[in-house]
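The residues making up each chain are set out below.
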Amino acid sequence: MLVDGLTVGLGLAGFTVDAVSSCEDAATATRAQRYDAIVLDLMLPDGSGLDVLAELRGAKDSTPVVLLTARDQVADRISGLDAGADDYMGKPFDLDELAARLRAVARRGVGRANAILEWRGVMLDPAQLTATRGGAPLKLTRREFSVLRALMERPMATVPKAALEETLYGWQEEVESNAVEVHVHHLRTKLGPNFIKTVRGLGYRLAEDTP
Amino acid sequence: MNSIRTRLIAILIGTTGLVWLSAVIWIYASTQAEVERVLDARLAEAARMVNSLLTDQRIAIGVAQGAAVSAALQAGSNPSSYGRQLSCQIWSLSGALIARSTGAPDARLTKAKQGFSENEINGEIWRVYSIENAELGVSVMIGDSLGVRERLVGDVIKGLLLPATIIFPFLGGLIWLSVKRGLRPLSDMARTLSSRKASDLRPLPISDMPDEIAPAVDALNSLFKRVDAARERERSFTAFAAHELRTPLAGLKTQAQIALGSADAEVHANALRQIATGVDRTGRLVKQLLDLALLEASEAEPSPTNESISSLVQTVIAEQQALASRCGVAIRIELGDGKTKAWIEPHFLMLALRNLLENSISHSPKGGTIVCSSAKDGTDVRIMIEDEGPGIPEEELPRATERFFRGRNKTEIGSGLGLAIAQLAIERLGGSLELMNRDPRGLSANVSIPARVTGDWACS
């Protein structure tokens with residue numbers, strides 16, 4: 001129920017969620033893919049979430065981790081944070097607060113302090129899922145928003161198409177062929193043809209200025 | 001008198017005093033007897049001496065009475081305060097006082113003619129030895145006052161008691177010190193214990209304890225161990241219970257927030273369905289936690305009654321029938337002749353069976369069959385619940401009855417407590433629970449409990 005709630009609830013907050021319910025599956029998932037942030041429950045059927053965290057950090061994986069736990073004794077919090085967690089929430093928690101904390105740790109994970117993303121007059125608010133251009137509201141679908149956010153979070157980098165696909169779809173969802181291209185095409189219609197550049201064979205990046 | 005020290009001191013001083021007192025009484029009695037014997041012999045000796053002096057005509061009766069008497073007196077007197085203790089009288093047979101020693105009373109010392117006698121003269125008791133000399137026609141009487149004898153004995157006793165009364169306080173002090181020193185291991189232990197924190201349950205060192213305290217320390221240490229284990233169990237139980245209760249709460253809250261926040265009818269309905277399931281699951285969890293707490297708390301022996309096993313099994317099955325038909329699971333009952341009885345606590349057995357059956361039903365596939373059977377096995381009663389579910393992976397079997405353990409084949413509604421409750425309840429009945437995978441699939445839960453049937457209660 002909690003796993004389902006987090007998948008749906010965080011999905012509504014604009015995240016794409018992959019959910020697993022054991023230490024083993026968590027280890028497999030983090031090895032297979034990069035995530036912006038991880039929500040980790042401490043008591044898992046086959047062990048402690050702290051073991052997953054230790055393994056993650058042992059493998060030099062610095063993906064931000066928010067711990068969920070029912071034991072909110074100070075000692076537990078300290079051991080969780082010392083094991084390499086970035087934040088900590090006691091159950092039961094507020095879904096919106098969890099989403100905000102996830103955004104915060106993900107932001108800090110890429111070395112950014114400002115919550116609002118900005119590039120050449122386009123402003124993106126990941127918390128409100130709203131976008132504006134020159135102050136005027138931009139109407140974007142959820143998937144378009146996700147692609148644009150992924151690009152704007154790393155404005156100088158080329159983002160591979162596969163990474164964008166992972167951003168768009170959880171494991172359970174069927175990836176539509178050419179989906180990324182379709183969303184990029186829609187974004188170009190709304191933002192102008194030169195806002196996003198295609199780096200052939202590698203992926204996409206934001207264009208530096210209007211030619 | 002609750003202090004061992006006070007009691008020991010009182011006993012020691014009391015017995016010492018008693019020994020002393022009996023010694024004094026004994027010495028008093030023997031001294032008195034001895035003094036009487038010696039002084040009596042002296043009286044007789046003196047009387048015979050005077051008599052022989054008279055007989056040999058060494059003194060003329062009535063002529064030199066003073067000399068005779070003083071001679072007699074010199075023989076027995078001593079110069080101390082016990083001087084003048086002997087008195088001598090010589091009477092004619094006709095009853096006239098012929099002579100008497102100085103200090104002797106005027107009245108006749110005795111009426112007896114021969115031998116010892118006691119007589120009261122002027123309020124004093126006299127012991128007298130008399131000899132009748134028929135030849136001379138006189139009677140010789142030598143006597144002494146009993147008061148003098150008493151004084152003699154009294155002086156001897158006083159001589160004994162005086163040092164005793166001086167020594168006695170010293171003795172008391174010595175006893176007090178020895179007792180205090182002897183009891184030091186006890187007071188040391190008390191001091192160690194009272195300076196401890198309530199959470200400090202380390203065992204007391206036993207190596208240098210005296211043999212008398214060692215068993216008590218041993219018992220105390222084993223109590224510490226039990227309390228510590230109970231505390232540890234409670235601590236882990238609390239941690240697990242917190243997790244198990246807060247996780248569904250977190251789920252409920254999340255789903256409620258989704259329901260509130262989502263405009264999508266499908267998402268909305270799904271969230272509400274999740275909430276309904278969640279409330280069911282949490283309700284069941286609370287009930288199971290309470291069952292577990294009840295089993296844990298009832299430290300006392302359960303109160304057994306003579307129960308028909310088959311009727312208990314049937315009651316439990318009837319309770320679970322609704323759940324079974326909802327899951328599309330059939331329950332077959334094979335209870336033999338149905339007369340098996342056992343001397344057990346019915347609630348514990350029903351609790352165990354209910355949880356086992358619930359576990360089987362929730363793991364059974366749709367259209368599956370569960371077989372409940374019971375049989376007599378020697379002095380034990382066996383109850384088996386066999387399902388056609390996925391069973392438990394072999395490596396998880398040893399952990400299956402751990403609290404909150406949920407294996408790979410867990411169900412949506414499971415809490416990880418059912419098998420733990422069954423195990424604990426059966427343990428409380430003195431029985432055992434064995435979980436086995438069936439061939440080709442399914443789990444078999446074998447409950448074995450001692451029937452404890454005697455006399456009229458014998459099983460059929």
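Refer to the structure presented above.
Everything in this summary refers to the structure shown in the same document. (Residues numbered from 1 in each chain as written. Chains lettered and ligands numbered in written order. Predicted model: local features only at pLDDT ≥ 70, side-chain atom pairs only at ≥ 80, totals over all residues. Heavy atoms only, no water.)

**Concerning the overall build of chain A**
For clarity, the cut-off: What counts as a helix is a DSSP run of H or I of at least four residues, what counts as a strand is a run of E of at least two, and both are numbered from the N terminus. Under the scheme applied here, a residue whose accessible area is under 20% of the maximum for its type counts as buried, over 50% as exposed, and between as partly exposed, the area being computed with a 1.4 Å probe on protein chains only. It only takes one pair of heavy atoms within 4.5 Å for two residues to be counted as in contact. Accessibility throughout is a Shrake-Rupley quantity obtained with a 1.4 Å probe, and a residue counts as covered only by protein chains that appear here.
Along its length, chain A carries 8 helices and 12 strands. Here chain A holds 211 residues, and the buried ones make up 45% of them. Residue pairs in contact within chain A that sit at least 24 positions apart in sequence constitute 55% of those at least 6 positions apart. A total of about 10,600 Å² of accessible surface is found on chain A, and carbon and sulfur atoms cover 53% of it.

**Points about the sheet that holds strand 4 (residues 65-69) of chain A**
Residues and elements named next belong to chain A. Stated precisely, the cut-off is as follows: Following DSSP output, two strands are said to pair if at least two bridges run between them. The axes are straight lines fitted to the C-alpha atoms, using for helices just the contacting stretch, and the angles between their N-to-C directions are given from 0 to 180°.
Judged by pairing direction, the sheet is parallel, and its 3 strands sit side by side in the order 1-4-5 without closing on themselves. The two strands at the open ends of the sheet, each matched to only one other strand, are strand 1 (38-41) and strand 5 (87-90). Shown here is a sheet whose adjacent strand axes are inclined to one another by a mean of 25 degrees, direction ignored. Bridge count between strand 4 and strand 5: 4 bridges; the pairing is parallel.

**Focus: the packing of helix 1 (residues 4-55) of chain B against helix 3 (residues 146-182) of chain B**
Residues and elements named next belong to chain B. Let me state the cut-off plainly: Every angle not falling under 35 degrees, over 145, or within 65 to 115 is termed oblique; those three ranges are roughly parallel, roughly antiparallel and roughly perpendicular. A clockwise turn of the near helix away from the far one marks a right-handed crossing, whereas an anticlockwise turn of less than a right angle marks a left-handed crossing. Side-chain classes follow a simple rule in which Ala, Val, Leu, Ile, Met, Phe, Trp, Tyr, Cys and Pro form the nonpolar group, Asp, Glu, Lys and Arg form the charged group, and the remainder, Gly included, forms the polar group.
Look at helix 1 against helix 3: their axes get within 10 Å of each other, and the N-to-C directions meet at 165 degrees. With respect to their mutual orientation, helix 1 and helix 3 come out roughly antiparallel. In this structure, helix 1 meets helix 3 at a crossing whose hand is right-handed. Grouping the constituent residues of the contact of helix 1 with helix 3 by class yields 24 nonpolar, 5 polar and 6 charged.

**Things to note about the environment of T165 of chain B**
For clarity, the threshold we go by: Nitrogen and oxygen atoms within 3.5 Å of one another constitute a polar contact, given that in protein one can donate a hydrogen and the other can accept it, and given that sequence-neighbouring residues count only through two side-chain atoms.
By the element assignment, T165 of chain B lies in helix 3. Separated by 2.8 Å, the side chain of T165 of chain B and the backbone oxygen of L162 of chain B make a polar contact.

**Looking at a nonpolar patch on the surface**
Here is the rule: Patch definition: residues above 30% relative accessible area lacking any salt bridge, with like charges linked at up to 9 Å and the nonpolar side chains Val, Leu, Ile, Met, Phe, Trp and Tyr linked at up to 5 Å. Here a salt bridge means any side-chain nitrogen of Lys or Arg lying within 4 Å of a carboxyl oxygen belonging to Asp or Glu.
A grouping of I4, L8 and L186 of chain B is seen on the molecular surface, where their side chains present a nonpolar patch of about 210 Å² in accessible area. Structurally, L8 of chain B is set in helix 1.

**Concerning the pairing of strand 7 (residues 122-125) of chain A**
Residue and element names in this part refer to chain A. Bridging between strand 6 (residues 117-119) and strand 7 involves 3 bridges; their strand directions are antiparallel. Among the inter-strand pairings, W119 is bridged to a residue of strand 7, identified as V122. Counting the residues that bridge the hairpin from strand 6 to strand 7 gives 2 residues, and of these R120 lies at a positive phi of roughly 50 degrees. Note: strand 7 against strand 8 (residues 130-133), 4 bridges, orientation antiparallel. By the bridge assignment, V122 is partnered in strand 8 with R133.

**Concerning the sheet that holds strand 3 (residues 115-121) of chain B**
All names here are of chain B. Read from one edge of the open sheet, 5 strands run 2-1-5-4-3, paired in antiparallel fashion. Two strands in the sheet have a free side with no partner beyond their single neighbour: strand 2 (97-100) and strand 3. Averaged over all pairs of adjacent strands, the angle between strand axes in this sheet comes to 25 degrees, irrespective of strand direction. Across 7 bridges, the pairing between strand 3 and strand 4 (residues 124-133) is antiparallel. Bridging from a neighbouring strand, E118 pairs with R127 of strand 4.

**A word on the interface of chain B and chain A**
Worth spelling out the cut-off: Buried area, as used here, totals the accessible surface that two parts lose on assembly, with accessibility defined by a 1.4 Å probe and the loss added over both.
Taken residue by residue, the interface counts 25 residues in chain B and 21 residues in chain A. Of the roughly 2,000 Å² buried between chain B and chain A, counting both surfaces, carbon and sulfur atoms make up 64%. Our enumeration of links across chain B and chain A arrives at 6 residue pairs in polar contact (both at pLDDT 80 or more). Going through the elements one at a time, helix 5 (214-261) and helix 6 (265-297) of chain B are the ones with two or more residues in the side of chain B that touches chain A. It is helix 5 of chain B that provides the largest number of residues to the side of chain B that touches chain A, a total of 16 residues. Counted by class, the side of chain B that touches chain A contains 10 nonpolar, 10 polar and 5 charged residues.

These results come straight from atomic positions and should not be treated as a statement about function.
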